[in-house]
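# Commentary on secondary and tertiary structure
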Amino acid sequence: MEHFDIEKAPLEIERKFLIRYPDIEKLKEMPDYRCVHIEQSYLDADDDFVGGRIRRITEGTSVTYIYTYKVRISELTRHEFEKEITMEEYLQLLTRKTPDTITIEKDRHSFSYEGLTYELDIYSFWEDRATLEAEVDSEDTPIPIPPCVELIKEVTLDRRYNNSQLSSNKGIIE
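Below you will find a few notes about this structure. Just so it is clear, the structure is predicted and the values come from calculations on it, not from any experiment.

### Here we look at the layout of surface pockets
Taken as a whole, the largest pocket spans an internal volume of roughly 680 Å³. Glu12, Glu14, Arg53, Lys70 and Arg78 are the residues nearest the centre of the largest pocket, which is lined by 30 residues in total. The set of elements that each furnish at least two residues to the lining of the largest pocket consists of strand 1 (11-20), strand 2 (34-43), strand 3 (52-59), strand 4 (62-72), strand 5 (77-85), strand 8 (129-135) and helix 3 (163-168). Classifying every residue of the lining of the largest pocket by side-chain character gives 4 nonpolar, 9 polar and 17 charged.

What follows is the structure in structure tokens.
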């Protein structure tokens, strides 16, 4: 991978919620609805490589590969560097997958509600719950919970629900 200046990368501010397993048909009725399948793996860092994650994103017959690296600024805000890569680069980076982790598989349902874009992830290892994220412009932006989901609790600050942790503990949260 080429060198990049993470300080020039865009900011990402998001809040995350644990929700009950949703009614997919209700999700499909939401404005701007779309669904993609994501396979997400985390990469080991070393002296020559910063780590990060890679994704294989499938939407219909289209497949895209993405490399992402984030630098935490605060509990809610990060610099996020993201780059589309080739299948060959993806497969090469996959050899750097963090040992003893799983590749997260999830269906991401995206939609709009009250001016925000939501991403609702349904994971292959959970049958009774999912997560809902909203990306916002500031850390204090109120997050209206869409009527098509049933909130369990906010988990933004609970690192057990970070995808990197879910990858490490294979989706098991105690």
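### With respect to the nonpolar core
Judged by nonpolar contacts, the single largest core of 19 residues is most densely connected at Ile19, Phe111, Tyr118, Leu120, Leu132 and Ile143. For this core, the secondary structure elements donating two or more residues are strand 1, strand 6 (104-113), strand 7 (116-123) and strand 8. Broken down by element, this core gets its largest block of residues, 4 residues, from strand 7. Formed by 9 residues, the second largest nonpolar core is a distinct cluster that contains Leu43, Ile54, Phe81 and Ile85.

### Thoughts on empty space enclosed by the protein
Per the stated rule, a full pass over the model turns up 1 cavity of 30 Å³ or more. Counted as a void, the largest cavity has a volume near 40 Å³. As for the largest cavity, its lining consists of Arg72, Glu75, Arg78, Thr156, Leu157, Arg159 and Asn162. For the lining of the largest cavity, a count of residues per class yields 1 nonpolar, 2 polar and 4 charged.

### Comments concerning the packing of aromatic side chains
Overall, the coordinates contain 8 aromatic pairs when judged by the stated rule. An angle of 45° between the planes, with centres 4.8 Å apart, marks the rings of Tyr65 and Tyr90 as tilted. Of this pair, Tyr65 sits in strand 4 while Tyr90 sits in helix 2 (residues 87-94), and the two are 25 residues apart along the sequence. Each of the two residues, Tyr65 as well as Tyr90, counts as buried. Ring geometry for Phe125 versus Trp126: centroids 5.4 Å apart, planes at 90°, classification edge-to-face. On the accessibility criterion, Phe125 (24% relative accessible area) is partly exposed.

### Describing the environment of Ser62
The residue Ser62 is located in strand 4 in this model. Measuring from C-alpha to C-alpha, the distance between Ser62 and Leu11 comes to 27 Å, with 51 residues separating the pair along the chain.

### Side note on the pairing of strand 3
A large share of strand 3 lies buried, amounting to 6 of its 8 residues. Alignment of strand 2 against strand 3, held across 7 bridges, turns out to be antiparallel. The residue bridging Gln40 from the neighbouring strand is Arg55, located in strand 3. By the bridge criterion, 7 bridges tie strand 3 to strand 4 in an arrangement that is antiparallel. The residue bridging Arg56 from the neighbouring strand is Tyr65, located in strand 4. Two successive antiparallel strands, strand 3 and strand 4, enclose a turn made up of 2 residues, where Gly60 displays a positive phi of approximately 65°.

Rules used in this analysis
- Residues numbered from 1 in each chain as written.
- Predicted model: local features only at pLDDT ≥ 70, side-chain atom pairs only at ≥ 80, totals over all residues.
- Heavy atoms only, no water.
- 1 Å grid on protein atoms, 1.4 Å probe; cavity = no way out; pocket = protein on both sides within 12 Å on 5 of 7 lines; lining within 4 Å.
- Points joined across faces, edges and corners; volume = space filled by probe spheres on them.
- Helix = DSSP H or I, 4+ residues; strand = E, 2+ residues; numbered from the N terminus.
- Nonpolar A, V, L, I, M, F, W, Y, C, P; charged D, E, K, R; others polar.
- Core = buried A, V, L, I, M, F, W, Y, C linked by side-chain atoms within 4.5 Å.
- Buried < 20%, exposed > 50% of the residue type's maximum accessible area, 1.4 Å probe, protein only.
- Phe/Tyr/Trp six-rings, centres within 6.5 Å; stacked < 30°, edge-to-face > 60°.
- Pairing = 2+ DSSP bridges.

Geometric values such as these leave the question of function open.
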